[in-house]
Amino acid sequence: MAFSSFARALLLASALPLATLVGAQTVTQNGELIPADETTVAPAAQLLEDPASVLSEAERFQLTDAVLANLTELELSNVSLFNFASSDEVVAKRSIFNRCKTSPGDLLWPSKPIWTVFNILTGGALIETVPIGAVCYKNNKHYNAAKCANILAHWTESATHAGDPTSVMSPLYQGETCMPQAGNTSTCELGGFPSYSVKATTVSQIQLAVNFARNLNLRLVVHNTGHDFLGKSTGAGALSIWTHNLKSISFIKSYSSPSYKGPAFKLGAGIQVLDLYEAAKKYGVTAVGGECKGVGVTGGYIAGGGHSPISSKYGMGADQVLSIDVVTPDGRFVTADEKNNKDLFWAIRGGGGGTFGVVTSMTVKVHPKMNFSGVTFTILSGPGTNVPDNIFWAALEAYWRKFPGYAAKGTYGYSSIFPLGPAGGYMWSMLPWLVPQMSLVDFKAMVTPLFDEWTALGLQFEPVFFEHDNFYDTWTSHFPVEGVANSNLRTASRLFPIKNWADEVTLNKTISTIRSVIEDGSAFIQYNINGAAPAGTPDNAVNPAWRDATLYGIFGGGWAPDAPLEDIAFANKRITNDWGARFRAITPGSGGYLNEGDVMEPNFGQAFFGSNYDRLKRIKKATDPWNVFWAPTAVGSEDWYITGQEDWLTLQTGRLCPK
Ligand SMILES: Cc1cc2nc3c(=O)[nH]c(=O)nc-3n(C[C@H](O)[C@H](O)[C@H](O)COP(=O)(O)OP(=O)(O)OC[C@H]3O[C@@H](n4cnc5c(N)ncnc54)[C@H](O)[C@@H]3O)c2cc1C
Ligand SMILES: *[C@@H]1O[C@H](CO)[C@@H](O)[C@H](O)[C@H]1NC(C)=O
Ligand SMILES: *[C@@H]1O[C@H](CO)[C@@H](O)[C@H](O)[C@H]1NC(C)=O
Ligand SMILES: *[C@@H]1O[C@H](CO)[C@@H](O)[C@H](O)[C@H]1NC(C)=O
Ligand SMILES: *[C@@H]1O[C@H](CO)[C@@H](O)[C@H](O)[C@H]1NC(C)=O
Ligand SMILES: *[C@@H]1O[C@H](CO)[C@@H](O)[C@H](O)[C@H]1NC(C)=O
């Protein structure tokens, strides 16, 4: 963020309706009481020196004790609501912290004038939530036909949602309220959306929001791009911190830590996969990121573990992290690395987003530029094709049987299998199967035995091979652009360990289980991948189930928009208690991927965090005794519940209360 944009934010503040003073918010100047507004109160930030050049511009603007002392001196109304946590607070306020989070309409919900003070202190960064679909509702003051048409036309593109302060790409969890598609037939309500959002461009704004939420027992949500599949980046009545605009990225030629010496990127919290890959191309390196261009790299992706097209070779996204800058629940800004705040450094690398603080940037290692070889293909079976289902399954089975060998060579085999519907048949799309640092000749040699088996089966298929000398071109040429924001859909996931391939009885059972779930109507998005950490990676909180996995599968399904409640209940229960149960039974002790997991996963602590759970929970309690941060299935989330939910699906439409 440039200083000028901060000044611009200040000017804009005067145009915001929020800046209109309703109550008597005042400051004392020369012994006189005058109204507090953006002309009399500067944003609560101190621009810190950074002689070692380790901070981004956004991180140099911090909330400090000196800033708060000045505001106190000025006798700004309600300034104490922005104080940092003090050590005796947990005990003194235990009664507050054991109550439901304060919601709009509650006696203790902050009045408009208090929100105004908050807005002034952030330099005009506070946004009163307007759902993205509001522009499609004629009976609402935000109606705008042109904007509505634009949103409807681009609804399934991730950028549509990432560019909005509160929109999420799984609208199910905000209650599918104020959907733009329903503009003519319903009314727009806030539903499970937060009430306010802070558009963060400085660390100080994040600190103010964390302190404010903690001191007033408000529900706090961290929202980056809104990609989350479990409803973690939304919540009714919450204050949301929007990190999407923290877009700094810098290349460090030679970073040095106890375990690593080499090139690195320092990535602001708003950096998305596309930003990362573009920068990697520019600097001639290879970076570890996800497959979808819009995912937030240092937001939920790395915090959750992060699987990547090069994970079988270089480990998970979290294994790349060298240093983390984060605002902790007490409101302080700290750095966590191999030497400082070691528990936090361990926990944030895999222990989940929105749990231990607000990450403002991460420094990650990068790897040399390298070649990528691979293949894509699509196989259709059933009516109207020349592939009978039994040949389709035989081909898949032959492929599945070879997974450990492929993963050991560094494979990323990303494909999806969809049942085609009542008429029968399946579609299997490989999108793509690739190996980093392998020549096309070697790649073809690797896949030829499988393709020979397919030919012997009589399967007709048309593989499209490729080779590129860098990742960016591989990725832009052979990966799909994924649609988002589907309604009435839920997914879950399972990690299948290599040991399931060790004996033929277990392997046959594994294969027949996966097949049975697909035959029952589930989609199956599969990754032939092994997420082992390369030697020398400092230990972290990545789900141990990733380390010995050779297959990672996402499954799930949907229901008709107008389905009766019992059908919706059936579809949801089937995912968790039938399909999920079959996978749990064949992979005892393994788990699911928390970023793409089942929000109703029974025993989610074991499934998403494995043997790390107890330590993660201890760190959570020590870092956040106030429970400022909460997200569904996050560490410690089992001590809270959302009011008014079905027992087969937790949305973010109710109040957050302690159990
Ligand atoms: C189309 C699509 C493709 C995907 N592809 C991949 C893939 O290839 N590999 C993979 O591993 N995952 C993939 N994912 C899953 C993705 O990693 C998760 O959805 C991830 O949580 C997204 O993070 P985000 O910050 O972009 O999203 P958000 O929904 O904004 O946030 C997700 C979670 O992280 C928290 N969070 C966000 N920013 C911060 C922050 N600065 N500090 C603290 N907490 C924060 C939020 O509170 C929330 O709990 C994909 C998802 C989608 C929808
Ligand atoms: C506090 O106020 C004094 C006097 O106006 C000013 O010089 C100083 O820069 C302020 N400090 C901070 C941290 O804002
Ligand atoms: C805010 O300040 C006003 C005026 O001093 C006071 O009456 C009110 O209790 C304060 N509100 C909170 C939530 O502290
Ligand atoms: C509402 O109806 C009008 C026509 O009456 C149509 O142009 C518009 O697209 C509809 N809006 C939505 C959100 O479907
Ligand atoms: C890398 O790929 C390029 C094609 O993009 C090819 O010309 C070159 O020979 C490959 N190099 C190696 C080492 O395989
Ligand atoms: C496993 O399945 C294969 C192919 O379906 C079959 O040929 C083989 O006999 C089975 N092995 C065992 C031990 O059941």
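Remember, predicted model here, so these are calculated numbers, not experimental data.

Asker: How should the sheet that holds strand S18 (residues 426-436) be read in this particular structure?
Answerer: Hydrogen bonds between backbone groups are what pair the strands of a sheet, and the pairing can be parallel or antiparallel. Spatially, seven strands are ordered S19-S16-S18-S17-S21-S22-S20 in an open sheet, and the strand pairing comes out antiparallel. Each having just a single partner strand, strand S19 (464-468) and strand S20 (489-497) make up the two edges of the open sheet. Pairwise comparison of adjacent strand axes, ignoring direction, gives a mean angle of 15 degrees for this sheet. Taken together, the five bridges between strand S17 (residues 412-419) and strand S21 (residues 523-528) define a ladder with antiparallel strand orientation. Bridged to Gly-413 within S21 is Asn-528.

Asker: Looking at this structure, I do not really get the packing of aromatic side chains. What am I missing?
Answerer: For any two aromatic rings, the description comes down to two numbers: the centre-to-centre distance and the angle of the planes. A full pass over the atoms with the stated rule returns 47 aromatic pairs. Taking 4.9 Å as the distance between ring centres and 75 degrees as the angle between the ring planes, the aromatic pair formed by Tyr-277 and Phe-471 counts as edge-to-face. Residue Tyr-277 is found in helix H10 (residues 273-283), and its partner Phe-471 is found in helix H17 (residues 471-478); the two are separated by 194 residues along the sequence. The same class applies to Tyr-277 as to Phe-471, namely buried. One aromatic cluster in this structure is built from Tyr-277, Phe-372, Tyr-412, Tyr-414, Phe-471, Tyr-472, Trp-475, Phe-479, Tyr-527, Trp-546, Tyr-552 and Tyr-593. Between Arg-332 and the ring centre of Phe-84, over which it is positioned, the NZ or CZ distance is 3.7 Å. Over the aromatic face of Phe-465 sits the side chain of Lys-444, whose NZ or CZ is 5.0 Å from the ring centroid.

Asker: I would appreciate a short explanation of the domain arrangement of the protein chain in the present structure.
Answerer: Many authors give the size of an interface as the accessible area that is lost as the parts come together. Each assigned domain of the protein chain is listed here: domain 1 (249-368) and domain 2 (372-612). Contacts between domain 1 and domain 2 engage 35 residues on the former and 39 residues on the latter. Interface area, domain 1 with domain 2, both sides summed: about 3,000 Å², of which 61% is carbon and sulfur. Where domain 1 touches domain 2, the interface holds two salt bridges. We note a salt bridge from Asp-473 to Lys-281, for which the minimum N-O separation is 3.2 Å. Linking domain 1 with domain 2 are 20 residue pairs in polar contact (both at pLDDT 80 or more). Within the residue set of the side of domain 1 that touches domain 2, elements represented by two or more residues are H10, helix H11 (297-304), helix H12 (311-314) and helix H13 (342-348).

Asker: Sorry, what's going on with the confidence of the model for the protein chain here?
Answerer: Averaged over all residues, the pLDDT of the protein chain equals 94, while 95% of them reach at least 70. Element-level pLDDT for the protein chain is lowest in helix H1 (residues 3-13), with a mean of 35, against a maximum mean of 99 in strand S8 (residues 239-242). Residue range residues 1-22 is modelled with pLDDT below 50. Its contacts to residues more than four positions away, or to other chains, number 39 contacts.

Asker: Even after reading the chapter, I still don't get the pattern of salt bridges, so can you show me in this structure?
Answerer: When the charged atoms of two side chains with opposite charge come close together, those side chains can pair. Using the criterion set out here, one finds 19 salt bridges in the structure. We note a salt bridge from Glu-59 to Lys-266, for which the minimum N-O separation is 2.8 Å. Linking Glu-59 in helix H2 (residues 57-60) with Lys-266 in strand S10 (residues 260-268), this pair joins segments that are 207 residues apart in sequence. The exposure class assigned to Glu-59 is buried, which follows from its relative accessible area of 1%. Between Glu-128 and Lys-112 there is a salt bridge whose closest N-O contact spans 3.2 Å. In this pair, Glu-128 sits in strand S5 (residues 126-128) while Lys-112 sits in helix H6 (residues 112-121), placing the two residues 16 residues apart along the sequence. Linked through salt bridges whose partners overlap, the residues forming this network are Glu-59, Lys-266 and Asp-325.

Asker: Hey, could you run me through the pairing of S17 in this one?
Answerer: On a regular strand, each side chain points to the face opposite its neighbour's, so the side chains alternate between the two faces of the sheet. With six of eight residues buried, S17 is to be regarded as a mostly interior element. By the bridge criterion, seven bridges tie S17 to S18 in an arrangement that is antiparallel. From the neighbouring strand, Phe-418 faces S18, where its bridge partner is Met-427. Counted between consecutive antiparallel strands, the loop separating S17 from S18 contains six residues, among which Gly-421 sits at a positive phi close to 125 degrees.

Asker: Would you take a moment to explain the site of ligand 6 for this structure?
Answerer: In the region of ligand 6, the neighbouring residues are Glu-397, Arg-401, Glu-504, Val-505 and Asn-508. Glu-397 has a polar side-chain atom sitting 3.4 Å from an oxygen atom of ligand 6. Within the side chain of Glu-504, an N or O atom sits 3.1 Å from a nitrogen atom of ligand 6. Among the residues making up the shell around ligand 6, the classes are represented as one nonpolar, one polar and three charged.

Asker: Help me understand the UniProt feature "domain: FAD-binding PCMH-type" (unreviewed entry) in the protein chain, please; the structure alone is not making it clear to me.
Answerer: In the UniProt entry, the feature "domain: FAD-binding PCMH-type" (unreviewed entry) is given for residues 190-369. Its end C-alpha atoms 47 Å apart, residues 190-369 is made of 24% helix and 30% strand.

Asker: I tried to follow empty space enclosed by the protein on my own but got confused; where do I start?
Answerer: One water molecule sets the probe size; rolling that probe over the atoms shows where empty space is left. Tallying each qualifying case throughout the model produces five cavities of 30 Å³ or more. Of the pockets and cavities examined, the largest cavity occupies roughly 50 Å³. What lines the largest cavity is simply Gly-354, Thr-355, Lys-620, Asn-627, Phe-629, Trp-630, Ala-631, Ala-634, Val-635, Gly-636, Ser-637 and Trp-640. Its residues placed into classes, the lining of the largest cavity shows six nonpolar, five polar and one charged.

Asker: Please explain the state of the cysteines as it appears in this structure.
Answerer: By definition, a disulfide links the sulfur atoms of two cysteine residues through a covalent bond. If you walk through the whole model with that rule in mind, you get three disulfides. A sulfur-sulfur separation of 2.1 Å characterises the disulfide bridge that pairs Cys-136 with Cys-148. Sign of the S-S torsion, about 105 degrees for the bond between Cys-136 and Cys-148, identifies this disulfide as right-handed. Taken together, the residues span a long stretch of sequence, with Cys-136 in the loop between S5 and helix H7 (145-153) and Cys-148 in helix H7 at a distance of 12 residues. Each of the two residues, Cys-136 as well as Cys-148, counts as buried. Should the bonded cysteines of the protein chain be numbered as they appear in the sequence, the pairing reads 1-6, 2-3, 4-5.

Asker: Could you clarify how one ought to interpret the site of ligand 4 in this entry?
Answerer: Around ligand 4 sit Leu-152, Pro-180 and Asn-184, and those are all the residues in its vicinity. Note that an oxygen atom of ligand 4 is positioned 2.3 Å from one of the side-chain N or O atoms of Asn-184. Relative to its unbound accessible area of 360 Å², ligand 4 is 43% covered by the protein chains.

Asker: I would appreciate a short explanation of unusual backbone geometry in the present structure.
Answerer: Glycine aside, a negative phi is what most residues show, and trans is what most peptide bonds show. Residue Pro-432 is reached from Leu-431 by a cis peptide bond, and omega for that bond is -5 degrees. With respect to the helices and strands, Pro-432 occurs in strand S18. A positive phi angle, close to 55 degrees, is found at Asn-217, a residue other than glycine. As for its placement among the helices and strands, Asn-217 is situated in the loop between helix H9 (203-215) and strand S7 (220-223). Residue Asn-217 is classed as buried on the basis of its relative accessible area of 3%. Its identity is not glycine, yet Asn-603 carries a phi of approximately 55 degrees, on the positive side. Mapped onto the secondary structure, Asn-603 falls in the loop between helix H20 (565-586) and helix H21 (604-609). Residue Asn-603 is classed as exposed on the basis of its relative accessible area, which comes to 56%.

The rules behind these values
- Residue positions are given per chain, counted from 1 along the sequence in the order it is written.
- Following the order in which they are written, the chains are lettered starting with A and the ligands numbered starting with 1.
- With the structure being a predicted model, the display of local features is reserved for residues of pLDDT at least 70 and the display and counting of side-chain atom pairs for 80 or more, all residues being used for whole-chain, interface and lining totals.
- Hydrogens and water are ignored here; the side-chain numbers use all heavy atoms of the structure.
- At least two DSSP bridges between two strands are needed for those strands to be called paired.
- Only runs of H or I of at least four residues qualify as helices and only runs of E of at least two qualify as strands under DSSP, and these elements are numbered from the N terminus.
- Every axis in this analysis is a line fitted to C-alpha atoms, fitted for helices over the stretch in contact. Angles between the N-to-C directions lie between 0 and 180 degrees.
- The criterion for an aromatic pair is that two Phe, Tyr or Trp rings (for Trp, the six-membered ring) have centres within 6.5 Å, with stacked assigned to planes under 30 degrees apart, edge-to-face to planes over 60 apart and tilted to the rest.
- Partly exposed describes any residue whose relative accessible area lies between the buried limit of under 20% and the exposed limit of over 50%, with all areas from a 1.4 Å probe on protein chains only and scaled to the type maximum.
- Whether a charge sits over a ring depends on NZ of Lys or CZ of Arg being within 6 Å of the ring centre and within 35 degrees of the ring normal.
- Either an automatic procedure or a domain database provided the assignment from which the domain bounds are taken.
- We call two residues contacting when some pair of their heavy atoms lies within 4.5 Å.
- Accessible area that two parts lose when put together, evaluated with a 1.4 Å probe and summed over both, is termed the buried area.
- When a carboxyl oxygen of Asp or Glu lies within 4 Å of a side-chain nitrogen of Lys or Arg, that pair is called a salt bridge.
- Between N or O atoms, a polar contact is any pair within 3.5 Å; within protein, one atom must be a potential hydrogen donor and the other a potential acceptor, and residues adjacent in sequence are included only when both atoms are from side chains.
- Values of pLDDT, the confidence the predictor places in each residue, fall between 0 and 100.
- Near is defined per residue: the residue qualifies when any heavy atom it owns lies within 4 Å of the molecule or strand.
- Residues are grouped as follows: Ala, Val, Leu, Ile, Met, Phe, Trp, Tyr, Cys and Pro are nonpolar; Asp, Glu, Lys and Arg are charged; all remaining types, including Gly, are polar.
- UniProt positions are given in the numbering used here, feature names are shortened, and annotations may be inferred rather than shown by experiment.
- Cavity: a set of points on a 1 Å grid over the protein atoms alone where a 1.4 Å probe fits but cannot get out. Pocket: an open set with protein on both sides within 12 Å along at least five of seven lines, its lining residues, like those of a cavity, having an atom within 4 Å of a point.
- Grid points are joined across faces, edges and corners, and a volume is the space filled by probe spheres set on the points.
- Our working definition of a disulfide is a cysteine sulfur pair at a distance within 2.5 Å.
- Every accessible area reported is derived by Shrake-Rupley at a probe size of 1.4 Å, with residue values counting cover from the shown protein chains alone.

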